[in-house]
Protein chains: 2
Amino acid sequence: MPRHPRLDPLADRYAARTHGMKTSEIRALFSVVSRPEVVSLAGGMPAVTALPLDAVGSMIGELVSGMGAQTLQYGSGQGDPRLRERICDVMALEGITDASPSEVVVTVGSQQGLDLVTRVFCDPGDVVLAEGPSYVGALGVFQAAEARVRHVPMDDDGLIPEALEQALLECRANGDRVKFLYTVPNYHNPGGVTLSEPRRQAIVDIADRYDLLVIEDNPYGLLGFDREPMRALRARDAQRVVYLGSFSKTFSPGLRVGWVLAPLAVREKLVLATEAQVLCPPSLTQYAVARYLDTQPWREQIKLFTELYRERRDATLESLDALMPPGTTWTRPDGGFYVWLKLPNGLDSKLMQPRAVNAHVAYVPGIGFYADGSGREHMRLSYCYPEPDQIREGVRRLARVIEAELDLHSTFDAVDTGSFRAVGRPVPTHTAETLVGPANSDRSEDPRA
Amino acid sequence: MPRHPRLDPLADRYAARTHGMKTSEIRALFSVVSRPEVVSLAGGMPAVTALPLDAVGSMIGELVSGMGAQTLQYGSGQGDPRLRERICDVMALEGITDASPSEVVVTVGSQQGLDLVTRVFCDPGDVVLAEGPSYVGALGVFQAAEARVRHVPMDDDGLIPEALEQALLECRANGDRVKFLYTVPNYHNPGGVTLSEPRRQAIVDIADRYDLLVIEDNPYGLLGFDREPMRALRARDAQRVVYLGSFSKTFSPGLRVGWVLAPLAVREKLVLATEAQVLCPPSLTQYAVARYLDTQPWREQIKLFTELYRERRDATLESLDALMPPGTTWTRPDGGFYVWLKLPNGLDSKLMQPRAVNAHVAYVPGIGFYADGSGREHMRLSYCYPEPDQIREGVRRLARVIEAELDLHSTFDAVDTGSFRAVGRPVPTHTAETLVGPANSDRSEDPRA
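Residues numbered from 1 in each chain as written. Chains lettered and ligands numbered in written order. Predicted model: local features only at pLDDT ≥ 70, side-chain atom pairs only at ≥ 80, totals over all residues. Heavy atoms only, no water.

- Taken directly from UniProt, the Subunit (unreviewed entry) text for chain A runs: "Homodimer."
- A UniProt comment under Cofactor (unreviewed entry) is attached to chain A, and it reads "pyridoxal 5'-phosphate". (UniProt positions renumbered as here; feature names shortened; annotations may be inferred.)

Here you go:
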C-alpha cells in the first residue's frame, strides 16, 4: 500500500468546513525564514528570554514535586478556581472590577477561547463583523465555523463607529444574521492602532442600540508604552461584551493559558463546549500561572517587557522614517508588537515576498489579514522578537527590496506591459469596507504570524 | 443591570449545536462526591502520586530554567518533532512499526484529537458508529458536531463484527452517511472488555470491504494486567485506521498530551484544524513528556501502574463476587480502569444514585454512556483511584444500596403500583442495537467520568 498516495482516498468524505481549509503558503516559507541569516519581521513571538528563567523553573519544578497530585491530575473544565481569582485581579488593571471567578473560563490560549465562543454562537452562513485588517488566527476560527466575515474599516483611532453602524444597517437590510463584532481594541494585530477613548463609548452605545454582542480580544492591553492601560469595553458593558484574555504576551505563550470572561449563561455553554473539546485545560500550566502571579513580581516583569518592546518599536519607526522610499506609509503603535505598512504605488506584498526572502528579510503579506483577498499592498512588521540592531538591518533590507520593486515597476510601467495596472489607482489606507467571503487561510509555522 | 439574570438574553442567538448541550446532572453531584466520607467509584482519575514526583519535578524545572526559550515559547501546530519521534517508539509497543513522525499530530489530550477528527469529517446529520456503551467524552464530541450516533453492541470479546456489518448494511439501506466507526478496543471505557484477536482482523476486513474509516481510541492499551499489549488495529491497516493515543494514563493527565496518527492527507487537515482551535499545543508539557520518555524509566513506571491497578481490580472483583445480590452481573476487565455492572431485575442506576450518595458511595449511571437514553440498568465502577480498602468499603455500601432497592422493589411490586414495570422484562447484557439519537451530555466535574 503506498505510504504517500498522491490522491487522497478520503477526499469525498470530509466535512464541508474542511474543504475551505488550505495549506499555508506562508508555512512553507517559514522553514526558509528560520535560517539565521534571515531577519524575520514576520513572527509574533514574545521575548520570553527576558523572563527570570531560573526563578520560573524552580517555581514550576516545586509545583510538580510538592503538588503532583494536583498539577499532574485532571482538573475541572472551567479551570482552576485559584487561577480564576487571580485572573480577575489582572482584569481589574483595565477597569473590569465587577468580574467574578465564576464568570471566567480558562482556555488553551485565547485562541481556544475565541474558538469556543464562535462554536457556541455561529452556525454556517452567520456573519461576524471584524476590523479590516483582522487577526489571522481569528479569521481561521471563523472559516472553520463556516461563518462569513464582514470587515469594518479602521483608522489611526481604531475601528470607525460610523462604519460599524453602516455595516450593521446593511446587514440588517440584507437579512444577514450578525452574531457578533470581533475586535482587538488595544495595539491591534496587525494594525498597530488603538481604539480611542471616545470611540470606546461609541462602540458600546452602538452595541446597545443594535443589540450587538461584542467579542473583545485583548492580548496586548497591558503592553502600552506611554500610558496606563485603557479601560476595557467589558468594563463599560458586562452583558454585551465577552472578553478574551491571555498570558501569552505578559508571561509565556508556551504555557497556552488564556481565558474568557462571559455572562453566566454564556459561560455555562462555554464550559460544556470546552469539555467536549479538551476535557479540561492542562493543570500544570494553570498552576504555573497562578503561582507566578502569587509569588513573582509580574507587574515589574510587564514593565520590563514593555521597555524592551518600546526600544524595538523605536528602532523600527526610526529606521522606517530614515529608509523607506516616498509613498510608503505605516502606523505608529504606542504598544504591542506590530506596525502595519502600506507599500507605495500599489506594490504587491505577496508577489514581493520571495524577493524579500532572497534579500534575507521576512514579513507577513497583508492578504493574510483579510477574509476577502484584499490587503495586497499591505504588510505586517513585527518588532517584538528581533534585537534593535537586527530590526534596523531588516528594515534596511526591506527598503532596498521595495526600492528595487519600484525601479522594476517604473520600468515596466514605462513600456506598459499591463503587469502593474494598480499604478495610479487610489489605494485607501484601510480598505475592505463591504466584502464578505471565506477567510484566507494563510498561516505560518509560527502560529501567531 | 442584573448580574445573574434568570433569563438568558442571548438565548435566541446560539448556534444550533449549542441547544443540544445540557448542564450535567453528574457535575452537580460531584461536589457531594468530593466529600472525604464518600467512596467514589465514579471518577477515572489515574493514580499520579505513584509517579516519582521529585524526579519529574526536577526534570520539568530544568526544562524551564535551561530551555525557556523553547519551552515557554510558541511551537508548531503539529507539535514538537522530538516528541513525535518518541510517540512512534511508544506505538511500536503495540505493533505499529511503520508510523512516521510526520503522520503524528500532538493534541491537548486525545479528547482534542477526537474533536479534531470529528470536525474534519462530520457534517451535521452524519452518522458515527460507536460501541454501546461508549466513552461519554466521545459522545460529547459527536453531539457538538451534530452527528448522529448509532451504537453497535459488544460482548465479552468486544465489538461484535456481525453487528457492525449489520449496522453498516442498515445505514446503507437508510441512505445514512456513515463517516467512521469510533472504537476503544482495549479495556473499554466503560465496558471493561477487550476486542479479541480474531475480531480485530474481522473488523479490519469489514472496514476494507465497506470502505469504512475506523477511529481507534487507545488510552489504556499499555495497561494490561496479564499479557503483552495487543496488536493495534492501526498495525493492520495504515490507510483506514486513524489512531488516537494519550499519555494521560501512562504518565500524567494534567499535562494534557495526546496524539493522532493519521494518513498524511488527513494529518494535513488535522494540523489546519488544530491551528484554528488552539494555535499549537502547550510547549512546556510536550517537552516534559519527551524528556520524561528520554530520561526516566517509563516502561518500568507503566509496570508499576499496572500492578497497582491490578491490585485494585482484584479488590473490586473479589468484593463484587462476595457481596453483590443475585442477579447482578459485571464484566471482568484484565486491564484498564473500569468494571461495567448490570443491576438485577431492571433496577435503575440513575434513580438509585441519590440513595447511593446518601450511603456514601458514588458511581456513574449507565445512561451517560449511550446516545439514545438506554443504559439505565447499568453503571460504571472505576477502580483506578481509590485504595483497595476504600474499594472494598465502597462495594460493600453499594451492595447494601442495591439490596435496599430490591427490597423496596419487591414491596412495590407486590402491591403492583406500576412503578417498576421493568420487572421480568429480559434485559440484554449489552443493549442498544439500533438506536440513533442525540448524545446524552451527562458529564461530571471529574472530566473523565
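Structural notes on the side chain of Thr250 of chain B
Residue and element names in this part refer to chain B.
Part 1 of the argument: Within the secondary structure, Thr250 is located in the loop between strand E8 (241-246) and strand E9 (257-261).
Part 2 of the argument: Judged by relative accessible area, which is 10%, Thr250 ranks as buried.
Part 3 of the argument: Here Thr250 is in contact with Leu222, Ile302 and Phe305, once residues within four sequence places are set aside. (Helix = DSSP H or I, 4+ residues; strand = E, 2+ residues; numbered from the N terminus. Buried < 20%, exposed > 50% of the residue type's maximum accessible area, 1.4 Å probe, protein only. Contact = heavy atoms within 4.5 Å.)

Side note on the packing of aromatic side chains
Aromatic rings in a pair are described by how distant their centres are and how their planes are angled relative to each other.
Part 1 of the argument: A complete count under the given rule lists 26 aromatic pairs over all chains for this structure.
Part 2 of the argument: Just above the ring of Tyr14 of chain B sits the side chain of Lys269 of chain A; from NZ or CZ to the centre is 5.2 Å. (Phe/Tyr/Trp six-rings, centres within 6.5 Å; stacked < 30°, edge-to-face > 60°. Lys NZ or Arg CZ within 6 Å of the ring centre and 35° of its normal.)

Describing the interface of chain A and chain B
Part 1 of the argument: Counting residues at the interface gives 95 residues for chain A, matched by 95 residues for chain B.
Part 2 of the argument: Both sides of the chain A and chain B interface together cover about 8,300 Å² of buried area, and 58% of this is carbon and sulfur.
Part 3 of the argument: Inspection of the chain A/chain B interface yields four salt bridges.
Part 4 of the argument: Of the charged contacts in the structure, one is a salt bridge between Arg119 of chain A and Asp115 of chain B, with a shortest N-O distance of 3.0 Å.
Part 5 of the argument: At the surface where chain A touches chain B, the tally comes to 38 residue pairs in polar contact (both at pLDDT 80 or more).
Part 6 of the argument: Elements supplying a minimum of two residues to the side of chain A that touches chain B: helix H1 (16-19), helix H3 (53-71), helix H5 (109-121), helix H6 (136-144), helix H9 (264-278) and helix H10 (283-295) of chain A.
Part 7 of the argument: Its residues placed into classes, the side of chain A that touches chain B shows 46 nonpolar, 27 polar and 22 charged. (Buried area = accessible area lost by both parts, 1.4 Å probe. Salt bridge = Lys/Arg side-chain N within 4 Å of Asp/Glu carboxyl O. Polar contact = N/O pair within 3.5 Å; in protein donor to acceptor, adjacent residues only side chain to side chain. Nonpolar A, V, L, I, M, F, W, Y, C, P; charged D, E, K, R; others polar.)

Here we look at helix H10 (residues 283-295) of chain B
All names here are of chain B.
Part 1 of the argument: Between its first and last C-alpha atoms H10 spans 18 Å; for 13 residues at 1.5 Å apiece the expected length is 18 Å, and the two agree.
Part 2 of the argument: Most of H10 is tucked away: 10 of the 13 residues are buried.
Part 3 of the argument: Among all positions of H10, only Ser283, Leu284, Thr285, Gln286, Tyr287, Ala288, Val289, Ala290, Tyr292 and Leu293 are buried. (Expected span 1.5 Å × (residues − 1).)

Considering unusual backbone geometry
Part 1 of the argument: Residue Pro133 of chain B is reached from Gly132 of chain B by a cis peptide bond, and omega for that bond is 5°.
Part 2 of the argument: Among the structural elements, Pro133 of chain B can be located in the loop between strand E3 (127-132) and helix H6 (136-144).
Part 3 of the argument: Residue Pro190 of chain B is bonded to the preceding Asn189 of chain B through a cis peptide linkage, with omega at 10°.
Part 4 of the argument: Positive phi is not limited to glycine here, since Asp211 of chain A has a value of about 55°.
Part 5 of the argument: Tracing the chain through its elements places Asp211 of chain A in the loop between helix H8 (197-210) and strand E7 (214-217).
Part 6 of the argument: In this structure, Asn345 of chain A is a non-glycine residue whose phi angle is positive, near 50°.
Part 7 of the argument: As for its placement among the helices and strands, Asn345 of chain A is situated in the loop between strand E11 (338-342) and helix H12 (349-358).

Re the packing of H3 of chain A against helix H3 (residues 53-71) of chain B
Part 1 of the argument: Direction vectors running N to C along H3 of chain A and H3 of chain B enclose 165°, while the axes themselves pass 7 Å from each other. It follows from the interaxial angle that H3 of chain A and H3 of chain B lie roughly antiparallel. H3 of chain B is crossed by H3 of chain A, and the crossing has right-handed handedness. Within the contact between the two elements, H3 of chain A uses Leu53, Asp54, Val56, Gly57, Ser58, Ile60, Gly61, Val64, Ser65 and Gly68 of chain A and H3 of chain B uses Leu53, Asp54, Val56, Gly57, Ser58, Ile60, Gly61, Val64, Ser65 and Gly68 of chain B.
Part 2 of the argument: Broken down by class, the residue content of the contact of H3 of chain A with H3 of chain B amounts to eight nonpolar, 10 polar and two charged. (Axes fitted to C-alpha atoms, helices over the stretch in contact; angles between N-to-C directions. Parallel < 35°, antiparallel > 145°, perpendicular 65-115°, else oblique. Left-handed = near helix turned anticlockwise from the far one by under 90°.)

Section: helix H4 (residues 81-92) of chain B
Part 1 of the argument: Counted at 1.5 Å a residue, the expected span for H4 of chain B with its 12 residues is 16 Å, and the 17 Å between its end C-alpha atoms agrees.
Part 2 of the argument: Contact partners of the buried residues in H4 of chain B: strand E2 (104-108), E8, E9, H10 and helix H11 (298-323) of chain B.

As for the sheet that holds strand E10 (residues 329-330) of chain A
Residues and elements named next belong to chain A.
Part 1 of the argument: In space, the four strands of this open sheet follow the order E10-E11-E14-E13, with antiparallel pairing throughout. Lying at the two open borders of the sheet, with one neighbouring strand each, are E10 and strand E13 (364-365).
Part 2 of the argument: Two strands pair when backbone bridges link them, and E10 and E11 are joined in this way by two bridges, in the antiparallel orientation. Opposite Trp330, over in E11, you have Leu341 as the bridge partner.
Part 3 of the argument: Seen against the sheet, helix H11 (residues 298-323) touches E10, E11 and strand E14 (378-382) and runs at an angle of roughly 20° to E11. (Pairing = 2+ DSSP bridges.)

Things to note about the sheet that holds strand E14 (residues 378-382) of chain B
Residues and elements named next belong to chain B.
Part 1 of the argument: The strand order across the open sheet built from four strands is E10-E11-E14-E13, with neighbouring strands paired in antiparallel fashion. The sheet is open, and its two borders are formed by strand E10 (329-330) and strand E13 (364-365), each paired with just one other strand.
Part 2 of the argument: Sheet strands in contact with H11 are E10, strand E11 (338-342) and E14, and its direction is about 20° off that of E11.

Some thoughts on the pattern of salt bridges
Residues and elements named next belong to chain B.
Part 1 of the argument: A complete count under the given rule lists 55 salt bridges over all chains for this structure.
Part 2 of the argument: Note that Asp294 is salt-bridged to Arg82, the shortest N-O span being 2.6 Å. Here Arg82 lies in helix H4 and Asp294 lies in helix H10, a separation of 212 residues in the sequence.
Part 3 of the argument: Since its relative accessible area comes to 36%, Asp294 is described here as partly exposed.

Brief notes about the pairing of strand E6 (residues 178-183) of chain A
Residues and elements named next belong to chain A.
Part 1 of the argument: Burial runs high along E6: six of the six residues are buried.
Part 2 of the argument: By the bridge criterion, three bridges tie E6 to E7 in an arrangement that is parallel. Opposite Tyr182, over in E7, you have Ile215 as the bridge partner.
Part 3 of the argument: Handedness of the crossover is the feature at issue here: the chain leaves E6, passes through H8, returns alongside E7, and the resulting connection is right-handed. (Right-handed = clockwise from strand over helix to strand, strands pointing away.)

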